[in-house]
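Residues per chain, in single letters:
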Amino acid sequence: MSDVLADVAADRVIVALDTPKVESALKIVDRLTPTVSRFKVGLELFCAGGLQAVSAIQKSGGELFVDLKLHDIPNTVAGAARVLNNAGVWMTNVHASGGRDMMTAAREALGETILLAVTVLTSIDQQTFSEHWQIQESIVDTVGRWAETAAECGLDGVVCSPQEVEIIRQTVGDDFLVVTPGIRPKWAAAGDQRRITTPQQAIERGSDYLVIGRPITQADNPQAAAEKIIASVGTSLEGRGIDDR
Ligand code: C5P
């Protein structure tokens, strides 16, 4: 694999720093840099370290996705989004189920920050989805519908399972980011994730970014796990004839 392709593959991987300790997160960042250059602060680390954790990780380099999955009334979400915008985060998100007004308020507050709509969590399977929300349509159709609404509200993309990339490309097209957690190499445990694919399958289906936590951070050798995943992403990109995005 060429160096360019290896870099493109590495850029597609966002490592989830799910830990309650800022020092542990910084250790992981240190260990994985420069193999990985994009990281994610989620609820656990944000509850533990707030914007100080965000700033410390930003200082260590790389792009930062702050994954708080905001979901509240439009005014409150806009206020939180302004704080994240001022912190200079690369990417953040709100729940699509919060509705049009909420997504629009977040968009207006966020300036240049990439804003994604979280569709249906990858830990939810079809049976749980149907029983809990009593929604008759399939998860795939709901994700497609919410992606369309998110695009209409000016969002840059969605978070969904790699299993739903096709419907998003059909409804919204190629110029819309699809960021997919629920990534499990064959050698990793699924844990609480339900709608999963391997890294290769996610790229083959057209994901732009893969969010990967435990398969890397809980591995005996996180650096080796990241390298193995990035190599497989590179092979899939090569198979799709992609070497520059
Ligand atoms: O450890 P694992 O690879 O399952 O981590 C996935 C990460 O992606 C977690 O930080 C989780 O909060 C996040 N996420 C998710 N499903 C979504 C949105 C975000 O798993 N729909």
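Every value quoted in this text rests on a predicted model; they were computed, and no experiment measured them.

*Asks:* It is not clear to me how the pattern of salt bridges should be interpreted in this structure. Could you clarify?
*Replies:* Should their charged atoms come close, side chains of opposite charge can pair. Here the structure, examined in full by the defined rule, presents 10 salt bridges. Residue Arg-195 is joined to Glu-164 by a salt bridge in which the shortest nitrogen-to-oxygen separation is 2.7 Å. A residue pair is termed long-range when its members are at least 10 positions apart, and Arg-195 in the loop between strand S7 (177-180) and helix H9 (199-205) and Glu-164 in the loop between strand S6 (157-159) and helix H8 (165-172) qualify at 31 residues. The pair Arg-195 / Glu-164 is uniform in exposure class, with both members buried. Salt bridges here are not isolated pairs; linked through shared partners, they connect Asp-11, Arg-38 and Glu-63.

*Asks:* Explain the layout of surface pockets to me, please; I cannot follow it from the model alone.
*Replies:* Unfilled space is identified by rolling a water-sized probe across the atoms. Put simply, the largest pocket is a space of about 630 Å³. Lining of the largest pocket is provided by 31 residues; of these, Asp-18, Lys-40, Asp-67, Lys-69 and Gln-193 occupy positions nearest its centre. Mapped onto the lining of the largest pocket, the elements with two or more residues apiece are helix H3 (43-59), strand S3 (63-70), strand S8 (209-212) and helix H10 (214-217). A total of four residues in the lining of the largest pocket trace back to one element, the largest contributor, which is S3. When grouped by side-chain class, the residues that make up the lining of the largest pocket number 13 nonpolar, 10 polar and eight charged.

What counts and how
Position labels on residues start from 1 in each chain and follow its written sequence. Under the rules for a predicted model, residues below a pLDDT of 70 receive no local features and side-chain atom pairs below 80 are neither given nor counted, while totals for whole chains, interfaces and linings still include all residues. Note: side-chain values were computed over all heavy atoms of the structure, leaving out hydrogens and water. For salt bridges, the criterion is a side-chain nitrogen of Lys or Arg within 4 Å of an Asp or Glu carboxyl oxygen. Working definition: helices are DSSP H or I runs of at least four residues, strands are E runs of at least two. Numbering for both runs from the N terminus. A 1.4 Å probe rolled over the protein chains alone gives each residue an accessible area, and that area as a share of the maximum for its type sets the label: buried under 20%, exposed over 50%, partly exposed in between. The definitions used throughout rest on a 1 Å grid laid over the protein atoms alone, on which a cavity is an enclosed set of points accommodating a 1.4 Å probe that cannot get out and a pocket is an open set flanked by protein within 12 Å on both sides along at least five of seven lines; lining residues are those having an atom within 4 Å of a point. Grid points are joined across faces, edges and corners, and a volume is the space filled by probe spheres set on the points. Note that Gly is not counted as nonpolar here; it falls among the polar residues with everything else outside the nonpolar set of Ala, Val, Leu, Ile, Met, Phe, Trp, Tyr, Cys and Pro and the charged set of Asp, Glu, Lys and Arg.

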